[in-house]
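What the coordinates show
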Amino acid sequence: MSMYTISPAPHIKSKDSTNRIMWFVVAAILPTAIAGVWIFGPHAAWLILASVAAAVLTEAALGRLMKKPVTVTDGSAVITGLLLACNLPAGAPVWIAVLGSFFAIAIVKCAFGGLGKNIFNPALAGRAFLMLSWPAHMTTWQNPRFWPDVVSSATPLAKNAVEIMGPGSKPSLWDMFIGNRGGCIGEVCVIAILVGAGFLLYKGYIKWYTPIVYILTVGILSRLAGGSFIFSILAGGLMFGAFFMATDMVTTPLTPGGQALFGLGCGIITFAIRKWGGYPEGVSYSILIMNAATPMIDRLTKRRVFGKKKR
Amino acid sequence: MLKSFFGGVHPPGFKTSTKNKNIRPAALPKKIILPLSQHTGSSAEPVVSPGDYVEAGAVIAKATGFISSNIHSSVSGKVLAIEPAAHPVLGKCRAIIIEPELQQKRLDSIKDCADSGFDPGKLNPADILDAVSSAGIVGMGGAAFPAHVKLSPPKNKKIDTLIINAAECEPYLTCDHRLLLERPIDIINGIKILANVLGVKKCIVGIEDNKCDSAEVIRNASILKSDIKVVPLHTKYPQGSEKQLIDAMLDKEVPSGGLPFDAGVVVHNVATALAIYEAVALNKPLYERVVTVSGDCIKDPANLLVKIGTPASELAAECGGFIKKPKKIIFGGPMMGVAQPSEDAPVIKGTSGILFLSKDIAGEYNEGVCIRCGACVRACPMYLEPTTIYYAAKKARFDIVNDLCALDCIECGACSFDCPARLELSGIIKYAKAMIKK
Amino acid sequence: MKLNNFWLEFKKGIIVENPTFALVLGLCPTLAVSNTVQNALGMGIAATFVLLGSNMIISALRRFLPPAIRIPCYIVIIAAFVTMVELFMKAYLPALDKALGIFVPLIVVNCIVLGRAEAFANKNKVIDSIADALGIGAGFTLALIIIATIRESLGAGLGVLMMIMAPGALLTLGFLIGAVNWYRIIKKKRALELGCASCAKCKE
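Under an unreviewed UniProt entry, chain B has the name Ion-translocating oxidoreductase complex subunit C and belongs to Candidatus Taenaricola geysiri. We quote the UniProt Function (unreviewed entry) comment for chain B here in full: "Part of a membrane-bound complex that couples electron transfer with translocation of ions across the membrane." In the Sequence similarities (unreviewed entry) part of its UniProt record, chain B is described as follows: "Belongs to the 4Fe4S bacterial-type ferredoxin family. RnfC subfamily."

You'll find chain A entered in an unreviewed UniProt entry as Ion-translocating oxidoreductase complex subunit D, with Candidatus Taenaricola geysiri given as the organism. Regarding chain A, the UniProt comment filed under Cofactor (unreviewed entry) reads as follows: "FMN". Per UniProt, chain A carries the Subcellular location (unreviewed entry) text "Cell membrane".

If you want it as structure tokens, here you go:
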């Protein structure tokens, strides 16, 4: 009827759409994934491809089945697939990646209502599922392909699990920084992680509160416990988890204060698992546990409304 | 250091197309529509009837009560009708329709320049208030709150600061900016008049730092009357919102549900200060104002001095017509303005801009789902959680909406602007507020 | 007539008031012992026996139990039957007893048994209480077996170790409850559609 569109204000919107953010996050994870492939060889690439493909196909199929708008193009399934693959040891069989992605998307994401509704980070829950179901495959680490012997080794964390977090004799801190060590595909090359994270921070898609608080908490606690600050923050999946998974928007608190608290909780739990737990690494479980605490944190960190007295 | 508030967003400015253009008078329109409700409060009551002849500046409708405002004819001519007509905010409203005559006449009492001995500091506050209220002056930044009410603080509130709002944080709008550049002396005189009425010593003009030239001009102009301070503000939306402006400039929070009075502050817009000067010194009622006509569909965007009551269609023609098909016509700025169904709506006292936007700028988006990114939380200048309120309102849980302090929302639209899922956060919250009040 | 009533009381426990899927009671043993079908069957039968015995006795004594201390009375009666089951298992089925472990004595505080005592046996005749106990017991056993079948075939059969651990039980139960609710919604919708077309009572 009317010639002109009527809609509520505001009439202009910022450029950042959900899709744009998601694809930028994909771009930010890519350096890490590529570094993983460079370090561990072509099998890692197959794992990444299989994981992403399985995630996307699962999401598309379930969208069809549940008669919901298919949201594959928003890139969130691609992120889940990529993150999951980065959390796998480079030598894992391809079917592990496929099953993990399927579990992550179908059960952790879609069963809870799809994008924006999931309680747990799908990639991490997928990894937890794989870890519980096929522990042998998930803890057989591969050495970087430049190393002379192809004998599988443990992650640096597991190596000196006895005197946890003491300065590792091998590999050197520099090796750990550039990724010359055993571990998951995505967690080894810290420099690539920092490049991607720096990009996201610069773009404003992730905020520094969670990752920085998380990393500092682990580092300081380890130092207090007699370990090395730098070793503890470079080791394991801490960098990767802090920048790419503890910052997942859906499963973390809304307010800056809540996000910092989330990081603190993750740090304490990670340290506790590393120090006293049965697993060598605690990043993924600490983030999952804090995911569950997110609604409580949200309630706890409600901000004072402008013009109201502090409650 | 630049003063600012917490939160807010950075929309693109879109101001370059009009910020260097002098204010010019618009041509006489063929028809004038003067709605009886152009202000917050009860609508005015007409004192003319169809067929009457009126001169420009003559009272045609009288205020009904304290929070109300007189309405004056903006042209000389014949009253055609008093009937419901298009209104930019209310949709439809009873209006006085006047056909202008070719040879315009205005009331003899209106002067062209102030008397030689005019000194704003020596006037009697009661006389000023009287002049302001009979001239029908309202807040010209958009809310259109009658100015004499804002100048009569309750006796128990001590007012110590007058803030002149020249932030003009809405994209596209440049009318206040141009006024500052072109009429600095008159605006300073207006500020002195306001200071006189309120009995305050401290006057601050807040200007966003993307308008440094006007800040410089006003600073130079006020050098002789040194108690007016110019404070540069961080360019951020909604810097021009009363509460945020007070927070940024004085570090004081207006209490929830309160008015600037409660923080000891009165805030007036630049255009209002000028209108008050004209009312007091020149005896000229508020019947014309500066309007920015802009948008990507307009061939020749401009800052026009417009007779109140001029329909939007005439202003579009005045600015060279359209180069693209407009998708939206907006009265006000793009962040808080009201989209119009047609071009018929007239300029009213609170209209600071008319924008004709194509689909390239005012695109239509499908609402997605919240991914809890927290953009709205960071954007909200009132420290609310828009997304939580949004979902509570969608489930019609207005009790929760109320607990989440939705009534404190200033409807600035910053949350909707920044939402990557394109949720109509502020639209829904506005609706929820109406439901709570019911 | 009487047989029909018996049958109705029996049937409702299996589907409409299934203790696991509909009432969501007794989750502790459901989650703990549904990792193999054998355990599930053992648990189901043990619980059914306790249920049958306690329902019968409580129903028979319902006029004599002082209302103020009825719950302790139920517990004593239930505990007696649980002890019988436990001793029987220890004597004749030591392997099963070992697998079920603490969950056999825990039947004493199983919400299903206590719940049926309070909600049904306390108010109904002995014969109806027997029907109820058998129905609820069968429903519980059935639910356990369904969960255990899925968990055992996926976990032990296909090697998805998680399925025979605690998370597997929660997931399976979640999906099964989801499926039951889904079935119910469809049924309700269909009933509504049919109802409006045929009866038109609301228009009167």
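The discussion continues.
As a further point, take the UniProt feature "binding site: [4Fe-4S] cluster 2" (unreviewed entry) in chain B. The feature "binding site: [4Fe-4S] cluster 2" (unreviewed entry), as given by UniProt, occupies Cys380, Cys409, Cys412 and Cys415 of chain B in the numbering adopted here. Annotated residues spanning 36 residues; largest pairwise C-alpha distance 10.7 Å, indicating a single compact cluster. Those residues in contact with Cys380 of chain B, other than ones at most four positions away along the chain, are Arg303 of chain A together with Phe6, Gly7 and Pro386 of chain B. Tracing the backbone shows Cys409 of chain B in the loop between α12 (398-403) and α13 (414-418). Overall, the relative accessible area of 13% leaves Cys409 of chain B in the buried class. Here Cys409 of chain B is in contact with Leu384, Ile429 and Lys433 of chain B, once residues within four sequence places are set aside.

Let us now look at a nonpolar patch on the surface. All names here are of chain A. The grouping of Leu201, Trp208, Ile212, Leu216, Ile220 and Leu224 at the surface amounts to a nonpolar patch, some 580 Å² of accessible area in total. Here the element with the most residues in the nonpolar patch is helix α10 (residues 209-224); it accounts for four residues. On the secondary structure map, Ile212 appears in helix α10.

Let us now look at the interface of chain C and chain A. A common way to report how large an interface is uses the accessible area buried once the components associate. Listed as interface residues are eight residues of chain C and, on the opposing side, eight residues of chain A. Between chain C and chain A the total buried area reaches about 640 Å² when both faces are included, carbon and sulfur atoms providing 82% of it. Viewed at the interface, chain A and chain C are joined by two residue pairs in polar contact (both at pLDDT 80 or more).

We now examine the domain arrangement of chain B. Residue and element names in this part refer to chain B. As far as domains go, chain B holds domain 1 (120-281) and domain 2 (375-437). Computed from C-alpha atoms alone, the centre-to-centre distance between domain 1 and domain 2 is 29 Å. Every contact between the two is made by nine residues of domain 1 and, on the other side, seven residues of domain 2. Remark: the boundary between domain 1 and domain 2 carries zero salt bridges. At the surface where domain 1 touches domain 2, the tally comes to three residue pairs in polar contact (both at pLDDT 80 or more).

We now examine the sheet that holds strand β5 (residues 59-62) of chain B. Residues and elements named next belong to chain B. Ordered by their spatial adjacency, three strands build an open sheet running β3-β5-β6, and the pairing between neighbours is antiparallel. Only two strands of the sheet have a single partner each, and these edge strands are β3 (45-46) and β6 (71-72). Bridge analysis of β5 against β6 gives two bridges, and the strand direction is antiparallel. Its bridge partner being in β6, Ala61 is matched across the sheet by Ile71.

Before going further, it helps to examine the UniProt feature "binding site: [4Fe-4S] cluster 1" (unreviewed entry) in chain B. Per the UniProt annotation, the sites labelled "binding site: [4Fe-4S] cluster 1" (unreviewed entry) are Cys370, Cys373, Cys376 and Cys419 of chain B. These residues run over 50 residues, yet every pair of their C-alpha atoms falls within 10.3 Å of each other. In this structure, Cys370 of chain B sits in the loop between β17 (353-357) and α10 (375-379). On the basis of relative accessibility, which here comes to 12%, the residue Cys370 of chain B falls in the buried class. Looking at where Cys419 of chain B falls in the secondary structure, it is placed in the loop between α13 and α14 (425-437). Judged by its relative accessible area of 8%, Cys419 of chain B falls in the buried class. Not counting residues up to four positions away in its chain, the partners in contact with Cys419 of chain B are Asp16 of chain A together with Leu425 of chain B.

Another aspect to go through is the packing of aromatic side chains. Pairs of aromatic rings are described using the distance from one ring centre to the other and the angle between the two planes. Per the counting criterion, the structure on display carries 19 aromatic pairs over all chains. A centroid spacing of 5.6 Å and a plane angle of 50 degrees characterise the contact between Phe24 of chain A and Phe199 of chain A, whose relative ring orientation is tilted. Linking Phe24 of chain A in helix α1 (residues 18-40) with Phe199 of chain A in helix α9 (residues 190-203), this pair joins segments that are 175 residues apart in sequence. Exposure remark for Phe199 of chain A: the relative accessible area of 27% places this residue in the partly exposed category. Ring geometry for Phe118 of chain B against Tyr277 of chain B: centres 6.0 Å apart, planes inclined by 75 degrees, an arrangement best described as edge-to-face. Remark: Tyr277 of chain B occurs in helix α8 (residues 270-281) and Phe118 of chain B occurs in the loop between β8 (91-100) and α2 (125-134); sequence separation between them is 159 residues.

Now for the packing of helix α2 (residues 42-65) of chain A against helix α4 (residues 94-109) of chain A. How two helices sit against one another is set out by the angle between their axes and by the gap between those axes. Residues and elements named next belong to chain A. At their nearest, the axes of α2 and α4 sit 8 Å apart, and the two run at 30 degrees to each other. One element, α2, and the other, α4, form an angle in the roughly parallel class. When you trace α2 past α4, the crossing you get is right-handed. Residues His43, Trp46, Leu47, Ala50, Ser51, Ala54, Ala55, Thr58, Glu59 and Leu62 of α2 form the contact with α4, whose participating residues are Val94, Ala97, Val98, Ser101, Phe102, Ile105, Ala106 and Lys109. For the contact of α2 with α4, the residue count by class is twelve nonpolar, four polar and two charged.

Turning our attention to unusual backbone geometry. In this structure, the amide linkage connecting Ala9 of chain A to the following residue, Pro10 of chain A, adopts the cis form with an omega of -5 degrees. Looking at the element boundaries, Pro10 of chain A is found in the segment before α1. With an omega of -5 degrees, the peptide bond running from Tyr237 of chain B to Pro238 of chain B counts as cis. Relative to the elements of secondary structure, Pro238 of chain B occurs in the loop between β11 (228-233) and α7 (242-250). Positive phi is not limited to glycine here, since Arg372 of chain B has a value of about 55 degrees. One can find Arg372 of chain B in the loop between β17 and α10. Arg372 of chain B gets classed as buried once you look at its relative accessible area, which sits at 19%. One non-glycine residue, Ala396 of chain B, adopts positive backbone phi at about 60 degrees.

Residue and element names in this part refer to chain B. Taken in spatial order, the six strands make up an open sheet running β1-β14-β13-β17-β15-β16, and their pairing is mixed. In this open sheet, the two strands that pair with only one neighbour each are β1 (24-25) and β16 (338-340). With respect to the sheet, helix α4 (residues 175-182) is in contact with β13 (288-294) and β14 (302-307), its orientation differing from that of β13 by roughly 125 degrees.

Residue and element names in this part refer to chain B. The end-to-end C-alpha distance of α14 is 18 Å, a good match for the 18 Å that 13 residues give at a rise of 1.5 Å each. Within the sequence span of α14, burial applies to Leu425, Ser426, Gly427, Ile428, Ile429, Ala432 and Lys433. Buried positions along α14 lie against α10, α11 (386-394), α12 and α13.

So, on to the packing of α4 of chain B against α8 of chain B. Residues and elements named next belong to chain B. At a minimum axis distance of 9 Å, the contact between α4 and α8 shows a crossing angle of 50 degrees. As far as their axial angle goes, α8 and α4 are oblique. Residues Asp176, Leu179 and Leu180 of α4 touch α8, and the partners they reach there are Val270, Ala271 and Leu274. Tallied by class, the residues present in the contact of α4 with α8 amount to five nonpolar, no polar and one charged.

Conventions and cut-offs
- Residues numbered from 1 in each chain as written.
- Chains lettered and ligands numbered in written order.
- Predicted model: local features only at pLDDT ≥ 70, side-chain atom pairs only at ≥ 80, totals over all residues.
- Heavy atoms only, no water.
- UniProt positions renumbered as here; feature names shortened; annotations may be inferred.
- Contact = heavy atoms within 4.5 Å.
- Helix = DSSP H or I, 4+ residues; strand = E, 2+ residues; numbered from the N terminus.
- Buried < 20%, exposed > 50% of the residue type's maximum accessible area, 1.4 Å probe, protein only.
- Patch = residues over 30% accessible without salt bridge, like charges linked within 9 Å, V, L, I, M, F, W, Y side chains within 5 Å.
- Areas by Shrake-Rupley, 256 points an atom, 1.4 Å probe, with all protein chains shown as cover.
- Salt bridge = Lys/Arg side-chain N within 4 Å of Asp/Glu carboxyl O.
- Buried area = accessible area lost by both parts, 1.4 Å probe.
- Polar contact = N/O pair within 3.5 Å; in protein donor to acceptor, adjacent residues only side chain to side chain.
- Domains from an automatic or database assignment.
- Pairing = 2+ DSSP bridges.
- Phe/Tyr/Trp six-rings, centres within 6.5 Å; stacked < 30°, edge-to-face > 60°.
- Axes fitted to C-alpha atoms, helices over the stretch in contact; angles between N-to-C directions.
- Parallel < 35°, antiparallel > 145°, perpendicular 65-115°, else oblique.
- Left-handed = near helix turned anticlockwise from the far one by under 90°.
- Nonpolar A, V, L, I, M, F, W, Y, C, P; charged D, E, K, R; others polar.
- Expected span 1.5 Å × (residues − 1).

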